[in-house]
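Next come the chains, spelled out residue by residue.
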Amino acid sequence: MSNATAITPTRAQDFPEWYQQVVRAADMAENSEVRGCMVIKPWGYGLWENIQRQLDVKFKATGHVNAYFPLLIPLSYLEKEAQHAEGFATECAVVTHHRLEAQKQPDGTTKMIPTGELAEPFVIRPTSETIIGAAFARWVESYRDLPLLINQWCNVMRWEMRPRLFLRTAEFLWQEGHTAHETAEEAIVETRTMHKVYEDFMRDHLAIPVIPGEKTERERFPGAMQTFTVEAMVQDKKAIQAGTSHYLGQNFAKAANIQFLGRDNTRQLAHTTSWGVSTRMIGTVIMAHGDDDGVIIPPRVAPNQIVILPVTPKADTRDEVIAACEALAQTLRTQSFAGEPLRVHVDKRDLQGGAKNWEWIKKGVPMRLEMGPRDITSRSVAVCRRDQGPKAKEFVPKEEFIQSVTERLQEIQDALLARATALRDANMKKLETLEEFKAFFAEDSEGGFAMMHWAGSSDDEDTLSKDLKVTIRCIPHGDQFAEEGKCFLTGKPSSRRVVFARSY
RNA sequence: CGGGCUGUGGCUCAGCCUGGUAGAGCGCUUCGUUCGGGACGAAGAGGUCGUGGGUUCGAAUCCCGCCAGCCCGACCA
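In this text the structure is predicted, and so the values were computed from the model without any measurement. Along every chain, residues carry numbers that run from 1 in the direction the sequence is written. To label them, take the chains in the order written and letter them from A, then take the ligands in the order written and number them from 1. Per-residue local features of the predicted model are confined to residues with pLDDT of at least 70, and side-chain atom pairs are confined, for both listing and counting, to 80 or more; whole-chain, interface and lining totals are unaffected and use all residues. By convention in this description, side-chain values take in all heavy atoms of the structure and omit both hydrogens and water.

Examining the pairing of strand β9 (residues 210-214)
If a strand is regular, its side chains alternate between the two faces of the sheet.
No. 1: Counting buried positions along β9 gives five out of five residues, so the element sits mostly inside the fold.
No. 2: By the convention used here, strands pair only if DSSP detects at least 2 bridges between them. Numbered from the N terminus, helices here are DSSP runs of H or I no shorter than four residues, and strands are runs of E no shorter than two. The pairing of β9 with strand β10 (residues 226-233) spans five bridges and is antiparallel. What sits directly across from Glu-214, in β10, is Phe-228. Categorising residues by exposure relies on relative accessible area from a 1.4 Å probe, with only protein chains included: less than 20% of the type maximum marks a residue as buried, more than 50% marks it as exposed, and the intermediate range marks it as partly exposed.

Here we look at the protein's contact with RNA strand B
No. 1: We call a residue near a given molecule or strand whenever any one of its heavy atoms falls within 4 Å of it. The immediate surroundings of RNA strand B are formed by 31 residues, with Arg-35, Arg-168, Gln-352, Arg-374 and Asp-375 found nearest.
No. 2: Protein-adjacent atoms of RNA strand B, using a 4 Å cutoff, are sugar or phosphate at a proportion of 31%.
No. 3: We call two N or O atoms a polar contact when they sit within 3.5 Å, provided that within protein one can donate a hydrogen and the other can accept it, with sequence-adjacent residues counted only if both atoms are side-chain atoms. In the model, a base nitrogen of RNA strand B is placed 3.0 Å from a nitrogen or oxygen of the Thr-169 main chain.
No. 4: Between RNA strand B and the protein, one listed contact pairs a sugar or linking oxygen with a side-chain N or O atom of Arg-280 at 3.2 Å.
No. 5: Sorting the residues of the surface near RNA strand B by element identifies α10 (353-363) and α11 (373-378) as the ones contributing at least two each.
No. 6: In terms of residue count, the dominant contributor to the surface near RNA strand B is α10 (five residues).

Observations regarding the pattern of salt bridges
No. 1: Salt bridges are identified by distance alone: a Lys or Arg side-chain nitrogen within 4 Å of an Asp or Glu carboxyl oxygen. Counting across every chain of the model gives 29 salt bridges.
No. 2: Note that Arg-11 and Asp-292 form a salt bridge whose closest N and O atoms lie 2.9 Å from each other. On the criterion of sequence distance, the pair formed by Arg-11 in the segment before α1 (15-25) and Asp-292 in the loop between α8 (280-289) and β15 (306-310) is long-range, its members being 281 residues apart.
No. 3: Taking the relative accessible area as the measure of exposure, Asp-292 reaches 16% and is therefore buried.
No. 4: A salt bridge links Asp-462 to Arg-218, with the nearest nitrogen and oxygen atoms 2.7 Å apart. Highlighted residues: Asp-462 in helix α14 (residues 458-468) and Arg-218 in the loop between β9 and β10, separated in sequence by 244 residues.

Observations concerning the packing of helix α9 (residues 315-333) against helix α12 (residues 398-426)
No. 1: The angle between two axes is taken between their N-to-C directions and runs from 0 to 180 degrees, where each axis is a line fitted to C-alpha atoms and a helix contributes only its stretch in contact. Interaxial distance between α9 and α12 falls to 10 Å at its minimum, and their mutual angle equals 30°. Classified by the angle their axes make, α9 and α12 are roughly parallel. For α9 against α12, the interelement crossing comes out right-handed. Two secondary-structure elements touch here, α9 through Leu-328, Thr-331 and Leu-332 and α12 through Lys-398, Phe-401, Ile-402 and Val-405.
No. 2: Broken down by class, the residue content of the contact of α9 with α12 amounts to five nonpolar, one polar and one charged. Under this scheme an angle from 65 to 115 degrees is roughly perpendicular, one under 35 degrees roughly parallel, and one over 145 degrees roughly antiparallel; angles in between are oblique. Left-handed describes a crossing whose near helix is turned anticlockwise from the far helix by less than a right angle; the clockwise case is right-handed. It only takes one pair of heavy atoms within 4.5 Å for two residues to be counted as in contact. Under the grouping applied here, Gly and all other residues not named as nonpolar or charged are polar, the nonpolar ones being Ala, Val, Leu, Ile, Met, Phe, Trp, Tyr, Cys and Pro and the charged ones Asp, Glu, Lys and Arg.

Structure below.
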């Protein structure tokens, strides 16, 4: 094979097509016969399981507990909060019948005809504020019942027009946290706490630096008072929203009637929040770290952090080599990395070595080890790091490797974060004028994150977005964005820059 | 929901214009040679040509209906 890279086309040639090919080459997911719905294959699901488990620890550590609520939501629930309902109306799947009747056709086949129409249709949850709100209303009577800190891991469905594996699918997996509080202050603290949890998780676990900030009114979650977001930059310089945290004020409490008797013996409405991240994060990881040979998964969340490839050139040494590989794997598994036992796999399949090697490169396993007869004799292993070139190989004495394995994994984790941070920083620009802005986002230019002084209206934002296909990703927190200046569109004074970008 | 395109072995597609009941590459199986390596050769498995109807002696190919998918717009974790 003479291909310079494992993936065709390369990122530079056609990024969206590269993405599709990478997902396929990594065997992470595939399109299913159900429109817009994907099959998540073991390698992709393994990544999700790690994300899920590690986030769950953080949720528990911040006082939350898990629960589960129904998939189906009475249609009337969605009518209780007008803004919310309108926000999701165009993408709801509706269940209208509850039984099928077999009907024999003249040609001998059988058709199943829906019967038993429901008096009130159900909507398959696009998000669960309404039905969880109804439960909260039953559970909360006194200020002593607050705060209520609940999370659920589940699937939701939004009938998207243009699905793409992991990035936008009709059905997707996520977690949705829902909390109710006695005061607005407490609810806002909760919203910000979870926003911070997402920011930290993205950086420390997924090796993706994000810009934390607040959404403008136009981009806000339907029905929310405030929406906080973490925005990541991926390699085509577009932004992707990786997680959101909403302060819902009393809007949903009012709609669902979440009332409690306060310390002053008056009836009050609770203040609620909701926050979530989804399987989209997997797409974000792929686009943030992948290269022209496939996916690169950060060690902390990789389904296998190390794959051992036995080199078995001769049949008579094969058993010995495999036994040595198994023994090494066992030794490594007794060690921990980032608080979890090392995940090590020995690939014993009877395939050609090169084919196997490239398969794991495309899957993005952080570290590959080769061990053959010569290594057994010399008591060494060949170490290949996925953040380096496919040919890069270092022979390390086995004992030394065992001693240093977790440091080596951390080096990869750090290298990925450094690389992603460098990409982002190189493509964030402070611009001052509309001309500069237009040039920055012109069809043939690189694009990126434009940091702009902004004091325009929602209508201005709308017009700008439609003309140039860019949006305000967020009004970022952080001192580096705070400075006096003038709005690049209206000339009005501004005390903070906002981040504009094209987005997924 | 508006505009364009496409439905042929597991995947990507050729064949259709100029009707005569199926081809390639990849993948898969077996054997052999190779192999610290995404190799090569040989043999082989696998297809109601989206679906229903029409024209015809004969339809993957022509005509009509239906269904599904893709791309471009509005929406989006």
